[in-house]
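Given next are the chains, with one letter for each unit.
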Amino acid sequence: FPMGVEDQKKWLYNNLDLPSFQVNGVTYRSSGGEFPQISQDLNVSLRKKATVSGKRMFLQPNLLNQTRYVPSKMENRETKIVIKYNKVWIDTIEYQLPDQFHPEYMPEAVKIESVFGSYSVDLIQQAGAVKYIRRLEIEKGEYGPDIYGEYRKFYEQVVKADKMKIVLKN
């Protein structure tokens, strides 16, 4: 990448929507070709990611790539839905848990399949850590206005899944 490491860190500080974080390291890899890809390995320390209430800590594991978009309601859509490009986001985040906390509640894995794409989340409990793996794939294409309700439902399900929480107990 044309930016140096310090410029990359500066960009992250200006563009990540995270409270009180420190960038410990960042590396980028890219591949060209017919299906270009970019990979970002990011090591950050967070001070205020979880909410504590009594002996419990609530952690929303989707840290960086939360979907908030839900298409607006339309009763009688007349135009087709056009998705111009295939897109794939894969996020793997490993949380190191404080020694005194252990998972009390781990949400079930999520799998959503649609003509518009697919979405999955897996949570893997490890010794002193939790690994969160999220994959969102959007399929390019032109879709008739008659399935707009399915399009909206797909995004509603993704938004809901992106808000899942892990409960940790002291």
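### Regarding the pairing of strand β8 (residues 110–114)
Side chains on a regular strand alternate between the two faces of the sheet. Relative to strand β9 (residues 117–126), β8 runs antiparallel, the two sharing five bridges. Its bridge partner being in β9, K111 is matched across the sheet by S120. Hairpin connection, β8 to β9: the antiparallel pair is bridged by two residues.

### Some details on the pattern of salt bridges
Applying the stated criterion to the full structure yields seven salt bridges. A salt bridge links E137 to R135; the shortest N-O distance between them is 3.0 Å. For R135, a relative accessible area of 32% gives the class partly exposed.

### Concerning the sheet that holds strand β3 (residues 51–53)
Taken together, four strands build an open sheet; the order of strands is β3-β4-β12-β7 and the sheet is antiparallel. Of all the strands in the sheet, the pair left with one neighbour each is β3 and β7 (102–105). The mean inter-strand angle of the sheet, taken between neighbouring strand axes irrespective of direction, is 35 degrees. Two strands pair when backbone bridges link them, and β3 and strand β4 (residues 56–59) are joined in this way by three bridges, in the antiparallel orientation.

The rules behind the values
Residues numbered from 1 in each chain as written. Predicted model: local features only at pLDDT ≥ 70, side-chain atom pairs only at ≥ 80, totals over all residues. Heavy atoms only, no water. Pairing = 2+ DSSP bridges. Helix = DSSP H or I, 4+ residues; strand = E, 2+ residues; numbered from the N terminus. Salt bridge = Lys/Arg side-chain N within 4 Å of Asp/Glu carboxyl O. Buried < 20%, exposed > 50% of the residue type's maximum accessible area, 1.4 Å probe, protein only. Axes fitted to C-alpha atoms, helices over the stretch in contact; angles between N-to-C directions.

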